[in-house]
Amino acid sequence: MAMSSTSALSFFSLFISVLISLHSSIGNVQVVHAGNPDYRDALAKSILFFQGQRSGRLPSGASQQITWRSNSGLSDGRLAQVDLTGGYYDAGDNVKFNFPMAFTTTMLSWGALEYGKKLGPQLASTREAIRWSATYLLKCARATPGRLYVGVGDPNADHKCWERPEDMDTSRTVYWVSPSNPGSDVAGETAAALAAASMVFRKVDSKYSRLLLSTAKKVFQFAIQYRGAYSDSLGSAVCPFYCSYSGYKDELVWGAAWLLRATNDAFYFNFLKSMGGGDSPDIFSWDNKFAGAYVLLSRRAVLDNDKNFDSYKQQAEQFMCSILPNSPSSSTQYTQGGLIYKLPGSNLQYVTSITFLLTTYSKYMSSKKHTFNCGNLVVTPTTLKSLAKRQVDYILGVNPLKMSYMVGYGPYYPKRIHHRGSSLPSLASHPQSIGCNGGFEPFFYSSNPNPNILVGAVVGGPNQNDGFPDDRADYSHSEPATYINDQVPMAMSSTTTLSFFSLFICVLISLGSTIGNVQLVQAGNPNYRDALAKSILFFHGQRSGKLPSGAAQQMTWRSNSGLSDGRLAQVDLTGGYYDAGDNVKFNLPMAFTTTMLSWGALEYGEKMGPQLASTQEAIRWSATYLLKCATATPGKLYVGVGDPNADHKCWVRPEDMDQARTVYSVSSSNPGSDVAGETAAALAAASMVFRKVDPKYSALLLSTAKKVFQFAIQYRGSYSDSLGSAVCPFYCSYSGFKDELMWGAAWLLTATNDTFYSNFLNSMGGGDSPDIFSWDNKYAGAYVLLSRKAILSNDKKFDSYKQQAEQFMCRILPNSPSSSTQYTQGGLIYKLPGSNLQYVTSITFLLTTYSKLMSSTKHTFNCGNLVVTPSALSSLAKRQVDYILGENPKRMSYMVGYGANYPKRIHHRGSSLPSLATHPQRIGCDAGFQFFYSSNPNPNILVGAVVGGPDQNDGFPDDRNDYSHSEPATYINVLSLSTSIGNVHFVQAANPNYRDALAKSILFFQGQRSGKLSSQQITWRSNSALSDGRLANVDLTGGYYDGGDNVKFNFPMAFTTTMLSWGSLEYSKKMGSQLTNARTAIRWSANYLLKCARATPDRLYVGVGDPNVDHKCWERPEDMDTARTVYWVSPSNPGSDVAGETAAALAAASMVFRKVDPKYSKLLIRTAKKVFQFAIQYRGAYSDSLGSAVCPFYCSYSGYKDELVWGAAWLLRATNDVFYFNFLKSMGGDSPDIFSWDNKFAGAYVLLSRRAVLNNDKKFDSYKQKAEQFMCRILPNSPSSSTQYTKGGLMFKLPQSNLQYVASITFLLTTYSKYMSATKHTFNCGNPVVTSSTLRNLAKRQVDYILGVNPLKMSYMVGYGPSYPKRIHHRGSSLPSLASHPTTISCKAGFQSFYYSSNPNPNILVGAVVGGPNQNDEFHDDRDDYSHSEPATYINGAIVGPIAYFANVK
């Protein structure tokens, strides 16, 4: 795929400036010169290049010197209703990829910071280049709360066109990441870019600098709060173009490093420490930032002698040692001409980025006369500087070809670069539009030089032989990119959720009679009155200030605290609540808590009984504090007490606090409409609670509410912007302040009926259309509150709010066509990973309240065809509450102190530390961590606290350190769905032809063969990879290519062999004539695995072919010219996972051949034993030993314990040797809900359970129990099920290649069903009795779905049935065979003519099962969508057995 050139050139621009300053000192470096390069000219041109990459509305005059470019991308963002104009096109195409663009911005900024004084007049141009992209990145980060936009333009469509950016008519699709579709990598890099840029503008544009930095902080918090790779979220929109191959850890380290430099905030240093050691790279690029982070952080160690940063200095120097050619630990190749050579695709991107690090670390060293050693080699600043100069000089023409690789520099430079704008005539010379395909024939394929010179562009560069063809079609070498040029020169509030929870429990008490008919699997009806009392009691544990005595303070382990709060501002701000498990008072969530407690008391007070007084007491405690905050100082609203950054570094009781009790406020010059609007809402709502019982207090509350609201609307702005890190990332106002103004006005209208507030609401226009309600986003709450007048009073002026409230309900209800709400298998609403119960409780409150309004007028509404009645809402609400109180898969109450099983190790300082009564001595800031890290239950029970709750799989670890789930907060709620899967519709059709499918599923393996072919029915394949192993002087020919590529990965290949063997052992009598073919398929891979295990003592070869190189090519296996690198594990570089799986494969295969080929069988079993001994003797994960050679392709994510258990299980079955049984007893195991090439536990349990079920061997009962627990997690009607199913009835485990999990799990279903049938065995999953038919029926539905009994009526097996995938992601299938096209199709040539073609594949890979449909039963037959369209051996290896089971061939 085309790599972007922009980032590399930003490096280039900047290290050239270093060379200008160093020119005199490096004149004695011995290089073959073609004349000293003119660095100043090169510097100016390298920065000018960015003008040619601009998107958006271009400036005029001298600000746009590349005059052949014009305005473009002016509608960018329109599809998402935002403005995303601006920024840079990444390289030679017309797409804006934010990941490399942000890296470009970071590196340009770093260069300007390090070398600004050396840039001379080019400093202004550099700042201009930085501002162009930084401004675009600001738009992407600030346009929509909860989203980070990360790109514009469909790369798959763009790459099929050759047109000017000014003519673009391809889709300008907008891509983003969000909490539910995270992108920590792109967010971390964006944060780094904005932080670095903020320093560039700190002195010259301080306001812009502050905006950049405040945004960087928010984006970084987003990156660490919602973790995941953007590649996984966006798939083919970024892959294979800018996949995050290195994962996102490096970007989190990089982002934190830049924010630490920009802010000097210890939060970022502590975050860096928490990340542990990073990788040990020998590369630095837009994808892998570790080396850059080490050099950046080493600055403090080298320049300031700060020992805290010594580890980064060591890692930086290890990196340098891996680059230097004379270093004993060098892993860097150099061409004959002296160029660093890392990878074939756009190598100069790596050269420029590494060179930047060389010059920068040399600069640090020079300032302190620092040196270091690489073994015996002493490295001085000059060592690094000299190597850097040689790289720059090479790029500028001092090379064997005497060619400059910078366009427009020197007499001889690339003239036919791979760049649309440069290669097509400009608008001035050719004003007619050039369409998508119109640019190819006359221009792209022309041998003429490009008409427009893209001055300063640095291209991908020469190959490893210093050759350069200057060919536009050869984008790996001829495409420029911004990232080549750029280097040239904590916890959410806990109080809020529980306020909801206290109050909707009241609703449930009142609704008990009407919801008694809701059918739930119950372990006993919850005691709502007990839960209500406890939920309100919780607030006693959160109190700050001077506590009352006697019954008014029932949490007796708490004492006075925060008695000096406000003193620093000379005001009294004692009282209020600590927000959650810490000792800070955050007014935004506290005011929301007060509002919601008040709303509950108003709606359900008459149902509360004696708890109404306790509720009023809880409201008064916080409302009185809020009054102080609003009235203490004219023109100020105090909004918090306690420095959260300092507090979160301590684990102390509130009674012992000695950290800063900083006071925070908003004012006319530092506004906070959000916190002021919420405070006004809280005071107005509370005024209504006390209207009859304390009129004087009520009047004070209401008059203050009005004043605070006036302040909110008069001085508009977000408190996050005013207070920064004092509230962010803890309680940032992510949704803005408009929702709080609506919310405040709605409450004041309810409290006063003053038309001023209704008019204000009218002036605000329509609000957002949310599917969430929380302390941050109040729109849904305001709609429900305002809809009261429409429903109860039939006031038409409020109908729009009723409509919006009902739209919100439709987004929540699970059966609604417009639902956007996920539910766990246990039935819990699942919104976000961080403290999910906050959203559950808040949404449940709205469900009960709107249900109450509807009931009073017998109102109903529709969600599409779904008629929604009051009971529909109340039933859903009850399921959520019951889930929280214990009606869930874990039978755990998520309310502390309620029920028999509840969280014991909650993330809460006061609860986890001994009370003053039991430990009167002070516990200091750091001393409390010994309690934090203890595995003991908390000594003090925070009765009534509802914690963050379970994860999306209904799991809960009860771990104090896991604050996202174990910290209490008032914003929490739970629901449990019926365990029935009655709404899943299994589409039935005629019985599939299993015999035909069986034959084809085995035939598929012939299409995957590597080596010298024989007896070959798939005739379009020929011999390939006949030299495999030669690089290690061994024969490693044979085996299978894993999927659609040309790499042999032994880990999945061995699993394929094991599963084919297991199927042949279990179902041999059902296979008929296909048994011989299955044995042939097994022998093909087993022979290869034998070679790998026996070729070299103390080595196990585990793969052939460099996947990183292979994945950049689209060529037939017969044409391969990519590196056939050989990979192995050994005692010093262990791989227990791949060795354990290899042992399993050989042992299983030995049983297949025991009777038909005893000699071969003995060789297999003998080798299996040796390999297994190797696996257990030298323990470690092969991923750790081999790194990017196997990751992210086949990383051993589950570790290696499962493979040791799996290997021992197979060797036990094959040998009956007690050694393996004893080994198994020593290992224990996991409790999975998946089975795959990576995680073997479930397979081992089923395999081992055979003896318990068939032979009644009690020693194996534990495995039987685990196997049955696994089945219970798979069955849809089981109360402990954790498996999702599509509407069409397909198991759905993971988005990428889901059928691999379906196939392997289905194998276990049929196999365990077989064992059960033989002894008429049954078992229970809760109440349901599971018979062999239960498993068999579910397995049959899965097989039938794959074979065409599904909503699309499509077979997912190629060549089976009338409708099957025609454009599978498979090189051999998609490219013409040798017979039809005898000329070589090279690495890159396969892409344009074949990969991107919309035509069906010319060769049918009969029997291949592809990755399959998505979770909506949809399938796009698209070669580029490899997650769904790529076949794999381990899908077929697993599915052969189940098909044979149903084929029952005689």
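Being a predicted model, the structure only gives us computed values, none of them experimental.

## Focus: the overall build of the protein chain
Regarding its fold elements, the protein chain presents 52 helices and 23 strands. Over its C-alpha trace the protein chain gives a radius of gyration of 33 Å, about what one expects of a compact globule, namely 35 Å for 1450 residues. With 1450 residues in all, the protein chain has 65% of them scored as buried. Total accessible area on the protein chain is roughly 49,000 Å²; 49% of this is exposed by carbon and sulfur atoms. For the protein chain, the centre of its 134 positive side-chain charges and the centre of its 105 negative side-chain charges are spaced 4 Å apart.

## Describing the sheet that holds strand β19 (residues 1126-1129)
Reading across the sheet, the three strands line up as β17-β18-β19 and stay open at both edges, with antiparallel pairing between neighbours. The open sheet has two free edges, formed respectively by β17 (1048-1049) and β19, since each of these has just one partner strand. Here four bridges tie strand β18 (residues 1100-1104) to β19, and the two strands are oriented antiparallel to one another. Note on β19: the bridge partner recorded for Val1104 is Val1126. With respect to the sheet, helix α38 (residues 1074-1094) is in contact with β17 and β18, its orientation differing from that of β18 by roughly 125°.

## Regarding the pattern of salt bridges
Here the idea is simple: oppositely charged side chains can pair when their charged atoms come close. Summed over the entire model, instances satisfying the criterion amount to 51 salt bridges. Residue Lys342 is joined to Asp282 by a salt bridge in which the shortest nitrogen-to-oxygen separation is 3.3 Å. In this pair, Lys342 is assigned in the loop between β6 (340-341) and α13 (348-368) and Asp282 in the loop between α10 (266-274) and α11 (290-304), connecting sequence segments 60 residues apart. Using a relative accessible area of 14% as the deciding quantity, one classes Lys342 as buried. It is possible to trace a salt-bridge network through shared partners that takes in Asp76, Lys96 and Arg172.

## Let's talk about the environment of Gly1072
Considering the arrangement of structural elements, one finds Gly1072 in the loop between α37 (1050-1071) and α38. According to the relative accessible area criterion, Gly1072 is partly exposed, its value standing at 28%.

## What to know about the confidence of the model for the protein chain
When the pLDDT values of the protein chain are averaged, the result is 88; 93% of them are 70 or greater. Low pLDDT, under 50, characterises residues 1-34; the predicted model gives this stretch 194 contacts beyond four residues in sequence or across chains. Below pLDDT 50 for its whole length, residues 970-990 participates in 114 contacts with residues either more than four positions away or in separate chains.

## A short note on the packing of aromatic side chains
Taken as a whole and assessed by the stated rule, the structure comprises 98 aromatic pairs. Ring-pair connections join several aromatic residues into one group, and the members of that group are Tyr994, Phe1055, Trp1062, Tyr1067, Trp1206, Trp1210, Phe1235, Phe1307, Tyr1445 and Phe1446. Residue placement shows Arg147 over the ring face of Trp176; its charged tip is 3.6 Å from the ring centre. The ring of Tyr902 carries Lys904 above its face, with NZ or CZ at 4.1 Å from the centroid.

## Topic: the state of the cysteines
One pass over the full model with this rule turns up nine disulfides. Sulfur-sulfur distance for the disulfide between Cys161 and Cys436 comes to 1.9 Å. Linking Cys161 and Cys436, the disulfide has an S-S dihedral of approximately -85° and is accordingly described as left-handed. You can see Cys161 sitting in the loop between α5 (155-158) and β4 (174-177) and its partner Cys436 sitting in the loop between α15 (420-423) and α16 (440-444), a full 275 residues away along the chain. Overall, the relative accessible area of 21% leaves Cys436 in the partly exposed class. The side chain of Cys728 participates in a disulfide bridge whose partner is Cys732; the two sulfur atoms lie 1.7 Å from each other. Between Cys728 and Cys732, the disulfide has an S-S torsion of 130° and is therefore right-handed.

## Looking at the pairing of strand β3 (residues 148-152)
For β3, the tally of buried residues reaches five of five residues, placing the bulk of the element in the interior. Here strand β2 (residues 96-97) runs beside β3; their pairing, made up of two bridges, is antiparallel. Paired with Lys96 across the strands is Val152, a residue of β3. Sheet analysis places β3 next to β4, joined by four bridges and oriented antiparallel. Looking across to β4, one finds that Tyr149 is bridged to Trp176.

## Things to note about the nonpolar core
The biggest cluster of nonpolar side chains holds 151 residues, and the ones touching the most others in it are Trp1062 and Tyr1312. One finds Phe222, Leu252, Val379 and Leu384 within the second-largest nonpolar core, a separate group that totals 150 residues.

## Concerning unusual backbone geometry
Here the residue pair Cys239 and Pro240 is connected by a cis peptide bond, since its omega of 10° sits within 30 degrees of zero. Within the secondary structure layout, Pro240 lies in the loop between α8 (230-234) and α9 (249-263). A cis amide bond links Cys1191 to the next residue, Pro1192, at an omega of 5°. If you trace the backbone, Pro1192 turns up in the loop between α42 (1182-1186) and α43 (1201-1215). The phi dihedral of Gln570 is positive, around 60°, even though this residue is not glycine. Take Gln570: it is sitting in the loop between α20 (528-541) and β10 (585-586). For Gln570, a relative accessible area of 76% gives the class exposed.

## Notes on the environment of Cys1092
Positionally, Cys1092 belongs in helix α38. For Cys1092, a relative accessible area of 0% corresponds to the buried category. Residues Cys1092 and Leu1036, 56 residues apart in the sequence, show an inter-C-alpha distance of 6.6 Å. The contacts of Cys1092, once residues within four sequence positions are left out, are Leu1036, Asn1050, Arg1099, Leu1100 and Tyr1101.

## Remarks on helix α21 (residues 587-608)
With 22 residues, α21 ought to run about 32 Å at 1.5 Å a step, yet its terminal C-alpha atoms sit only 27 Å apart, falling short of that. Where α21 bends most, at Leu602, the angle is about 55°. Where burial is concerned, most of α21 is hidden: 19 out of the 22 residues are buried. Remark: Gly609 follows α21 within two positions and exhibits a positive phi of approximately 60°.

## Description of the sheet that holds strand β11 (residues 636-641)
If you walk across this open sheet you meet the three strands as β10-β11-β12, and the pairing is antiparallel. What marks the edges here is a single partner per strand, and that holds for β10 and β12 (663-667). Examined bridge by bridge, β10 and β11 share two bridges and lie antiparallel to one another. Paired with Lys585 across the bridge in β11 is Val641.

## What about the packing of α37 against α43?
Any two packed helices are characterised by how steeply their axes cross, that is the angle between the axes, and by the distance between the axes. Following both chains from N to C, one finds α37 and α43 inclined at 35°, their axes separated by 13 Å at the closest point. Helix-helix and strand crossings are classified by hand; for α37 and α43 the assignment is left-handed. Taking contact as the criterion, the partners of Phe1051, Phe1055, Thr1058, Met1059, Trp1062, Leu1065 and Glu1066 in α37 are, on α43, Glu1203, Trp1206, Trp1210 and Arg1213. Its residues assigned to classes, the contact of α37 with α43 comprises seven nonpolar, one polar and three charged.

## What about the packing of α37 against α38?
At a closest axis distance of 9 Å, the pairing of α37 and α38 adopts a crossing angle of 150°. As judged from the angle between their axes, α37 and α38 are roughly antiparallel. Crossing of α37 over α38 shows left-handed handedness. Here α37 contributes Asn1050, Met1053, Ala1054, Thr1057, Leu1060, Ser1061, Ser1064, Ser1068 and Met1071 to the contact with α38, which in turn contributes Gln1074, Leu1075, Ala1078, Ala1081, Ile1082, Ser1085, Ala1086, Tyr1088, Leu1089 and Cys1092. Its residues placed into classes, the contact of α37 with α38 shows twelve nonpolar, seven polar and no charged.

What counts and what doesn't
Residues numbered from 1 in each chain as written. Predicted model: local features only at pLDDT ≥ 70, side-chain atom pairs only at ≥ 80, totals over all residues. Heavy atoms only, no water. Helix = DSSP H or I, 4+ residues; strand = E, 2+ residues; numbered from the N terminus. Rg over C-alpha atoms; globule rule 2.2 N^0.38 Å. Buried < 20%, exposed > 50% of the residue type's maximum accessible area, 1.4 Å probe, protein only. Areas by Shrake-Rupley, 256 points an atom, 1.4 Å probe, with all protein chains shown as cover. Lys, Arg positive; Asp, Glu negative; His and termini not counted. Charge placed at Lys NZ, Arg CZ, Asp CG, Glu CD. Pairing = 2+ DSSP bridges. Contact = heavy atoms within 4.5 Å. Axes fitted to C-alpha atoms, helices over the stretch in contact; angles between N-to-C directions. Salt bridge = Lys/Arg side-chain N within 4 Å of Asp/Glu carboxyl O. pLDDT = per-residue confidence, 0-100. Phe/Tyr/Trp six-rings, centres within 6.5 Å; stacked < 30°, edge-to-face > 60°. Lys NZ or Arg CZ within 6 Å of the ring centre and 35° of its normal. Disulfide = S-S within 2.5 Å. Core = buried A, V, L, I, M, F, W, Y, C linked by side-chain atoms within 4.5 Å. Expected span 1.5 Å × (residues − 1). Bend = angle between axes of the 7 residues up to and from the residue. Left-handed = near helix turned anticlockwise from the far one by under 90°. Nonpolar A, V, L, I, M, F, W, Y, C, P; charged D, E, K, R; others polar. Parallel < 35°, antiparallel > 145°, perpendicular 65-115°, else oblique.

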